[in-house]
Number of protein chains: 2
Amino acid sequence: MPEPAASLEEIRALMAHLPGPDLEAGTAAALRESHLTKPAGALGRLEELAAWMATWQGRHPPRLEHPRTVVFAANHGVAARGVSAYPPSVTAQMVQNFINGGAAVNQLCQMIDADLRVYEMNLETPTADIVDAPAMSEAECARAIAYGMMAVEPGIDALAVGEMGIGNTTVAAALCLGLFGGEAADWTGPGTGVTGAGLEQKRAVVAAAAARHRTPDADPFELLRRLGGLELAAMVGAILAARMGHVPVVLDGFVAGAAAAVLYATDPRALDHCVAGHVSVEPGHTRLLERLGKRPLLDLGMRLGEASGATLALVLLKSAVACHGGMATFAEAGVSGPG
Amino acid sequence: MPEPAASLEEIRALMAHLPGPDLEAGTAAALRESHLTKPAGALGRLEELAAWMATWQGRHPPRLEHPRTVVFAANHGVAARGVSAYPPSVTAQMVQNFINGGAAVNQLCQMIDADLRVYEMNLETPTADIVDAPAMSEAECARAIAYGMMAVEPGIDALAVGEMGIGNTTVAAALCLGLFGGEAADWTGPGTGVTGAGLEQKRAVVAAAAARHRTPDADPFELLRRLGGLELAAMVGAILAARMGHVPVVLDGFVAGAAAAVLYATDPRALDHCVAGHVSVEPGHTRLLERLGKRPLLDLGMRLGEASGATLALVLLKSAVACHGGMATFAEAGVSGPG
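The rules behind these values
Residues numbered from 1 in each chain as written. Chains lettered and ligands numbered in written order. Predicted model: local features only at pLDDT ≥ 70, side-chain atom pairs only at ≥ 80, totals over all residues. Heavy atoms only, no water. Pairing = 2+ DSSP bridges. Helix = DSSP H or I, 4+ residues; strand = E, 2+ residues; numbered from the N terminus. Axes fitted to C-alpha atoms, helices over the stretch in contact; angles between N-to-C directions. Parallel < 35°, antiparallel > 145°, perpendicular 65-115°, else oblique. Left-handed = near helix turned anticlockwise from the far one by under 90°. Contact = heavy atoms within 4.5 Å. Least-squares fit on C-alpha atoms with pLDDT ≥ 70 in both. Phe/Tyr/Trp six-rings, centres within 6.5 Å; stacked < 30°, edge-to-face > 60°. Buried < 20%, exposed > 50% of the residue type's maximum accessible area, 1.4 Å probe, protein only.

Participant: Even after reading the chapter, I still don't get the sheet that holds strand E3 (residues 158-164) of chain A, so can you show me in this structure?
Facilitator: Sheets are built from strands paired through backbone hydrogen bonds, the pairs being either parallel or antiparallel. All names here are of chain A. If you trace the five strands from one edge of the open sheet to the other, you get E2-E1-E3-E4-E5, paired in parallel fashion. Either end of the sheet is taken by a strand with one partner, and the two such strands are strand E2 (115-120) and strand E5 (274-276). Ignoring which end each strand starts from, the neighbouring axes of this sheet average 25° apart. Both strand E1 (residues 67-73) and E3 contribute to a ladder of seven bridges, which runs parallel. In the sheet register, Arg68 faces E3, and the bridge partner there is Leu159.

In structure tokens:
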């Protein structure tokens, strides 16, 4: 596990030292795949996932015995502007629901035997309202990133990354607008279910926040500090630590994707160890995945957050690894190859 | 379990007595769903699947503790025309591979704890070459349907339906052309990997077979007899028996879909207890799912058959049932509703 970083400067410096792909492991996976008892390519993306897992775990065969799902929860000053269908108190209530095992992600983690970790991040102290001020100080942002890094511990072999935070699709939209430009409407959607005048208000908030903080001197980490939130910063840390620790990552929906985009905007190779678990119906997510060059694994009309889509996609990684490792070769099974 | 039918007439007669949806169970599912701790609709298709499972199991809450994956294997006279990249001997070799646990479907069944059953159907005796003659006699076809029915036993709560049979994408294409019309090229694809002149030859075979057998007097069961194969007839039986036994069905790829299409062409409501587990890259499958009005659950570029896509999709049904049954309500969890 990387040492908790003390400043944004140190975290920026880490970006110059990202481990690259283990091409030897990836090649070994491709070679074995070609001998397994099926027509070449017949398992489609499962074959790609097996090679990708090998490449980023840096070993062949890849393994997936200890997946972890992480949910970072935080509150946002901007939620006071009525940008969500739910009151901010729901963040803490849902954290309690996670602890009690009553949320969707609990059932999904139980089903696929993923280790669920929920991280409460100062729920009683929302970040500053991004329309008026930067969300976090430098120290707060760096601390949140370092906190997120601690979610990656030895022995984990895949990480599903998600969040909970009333108001955070507003923050994510503002961050995407800051990072990639466009119009507020491109990135702003209903979130938990805001429509009509509420959605118009949400768009105006996103536009105002991005206009205030998107300055020529603001690099992606500075935009994260100004427009993001504690859970987004923690997700940045978790994704970064996973890269350092050779742990492949499954990204959840729009908010997790917006956090990941901070790394992508800094270095497009920084997300090569990540897959998009699903595409959410939050409209900005489709656009964001296009920007990140990620094809989602699942498209099930979900928009819940709390790492639910990413956790479900862990099943596909498990399937890929199970087929790759467990199938017989043509020679072992005595099956004739193509004639 | 329905009694094995003795004739195609008796099977046709069954079609008039298909159990309908249990709307009470479906309504109970929709009601509970609206109280669970998430924004309404936020689990997308998982919510639809939970209600669909309740509707077709005829109980609320739905359960999925004993899924079964069935793979019917058979050989085809038409395979002698070189329509596959693999020799017909591979069908029996792959059945042995299933028995030994070395195929993709073995790993997938193990991962999601599905009961795998493999049914060898006279592998040493291929059906007649459909270019020259009907594939099966009336008695053979009826027996194969009845055999497939026996795969549905008490206690099973979902059924993934698939097949193995060198040459059977040719047969499936001919059957689709017989049932729905169009051009041979609309329904004929590479299968295990036939391209170029081989694919042209495969299209010509499909066109010739359909031209021979598609007569105005041939109803869908008669087209199954003339253009199908033993494993397709068995899948028809399994799907039908599942309907009678209140067991929701997950269809695998193009060949399983072609078998299901026989029932659909007889009565469009006959597949309401079925979902499409995935869409295969076999090009006819997309067209077929459109005809059947089925939106696939997964789109992973798979084209293996052997119920691999359907088995993988069972995970989504399990997830849907787990979330529906296990999540806390807003009242139970003390979570505020939309404000």
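Participant: How do you make sense of the packing of helix H14 (residues 308-326) of chain A against helix H14 (residues 308-326) of chain B when you look at a structure like this?
Facilitator: When two helices pack together, their arrangement is given by the angle between the helix axes and the distance between those axes. Their axes nearest at 11 Å, the elements H14(A) and H14(B) cross at an angle of 150°. For the element pair H14(A) / H14(B), the angle class is roughly antiparallel. For the crossing formed where H14(A) meets H14(B), the hand is right-handed. Along its contact with H14(A), which presents Leu312(A), Val315(A), Leu316(A) and Ser319(A), the element H14(B) presents Leu312(B), Val315(B), Leu316(B) and Ser319(B).

Participant: Quick question: what am I supposed to make of the relation of the copies chain A and chain B here?
Facilitator: A rotation about an axis combined with a shift along that same axis relates the two copies of the chain. Each copy superposes on the other: chain A lies on chain B with an RMSD of 0.0 Å after a rotation of 180° and an axial shift of 0.0 Å. Viewed as a symmetry operation, the transformation between the two copies matches a two-fold axis. Minimal C-alpha separation from the rotation axis in chain A is found for Leu298(A), amounting to 3.3 Å. When the interface residues of chain A are mapped onto chain B, 100% of them are again interface residues, pointing to one common binding face.

Participant: Is there a simple way to explain the packing of aromatic side chains in this structure?
Facilitator: For any pair of aromatic rings, the description consists of the separation of the ring centres together with the inter-plane angle of the planes. All names here are of chain A. The full count for this structure, using the stated rule, is eight aromatic pairs over all chains. A centroid spacing of 5.8 Å and a plane angle of 85° characterise the contact between Tyr119 and Tyr147, whose relative ring orientation is edge-to-face. Of this pair, Tyr119 sits in strand E2 while Tyr147 sits in helix H6 (residues 138-149); the two residues are 28 residues apart in sequence, bridging distant segments of the chain. Tyr119 gets classed as buried once you look at its relative accessible area, which sits at 13%. On the accessibility criterion, Tyr147 (29% relative accessible area) is partly exposed. These aromatic residues form a ring-pair network of at least three members: Phe72, Tyr119 and Tyr147.

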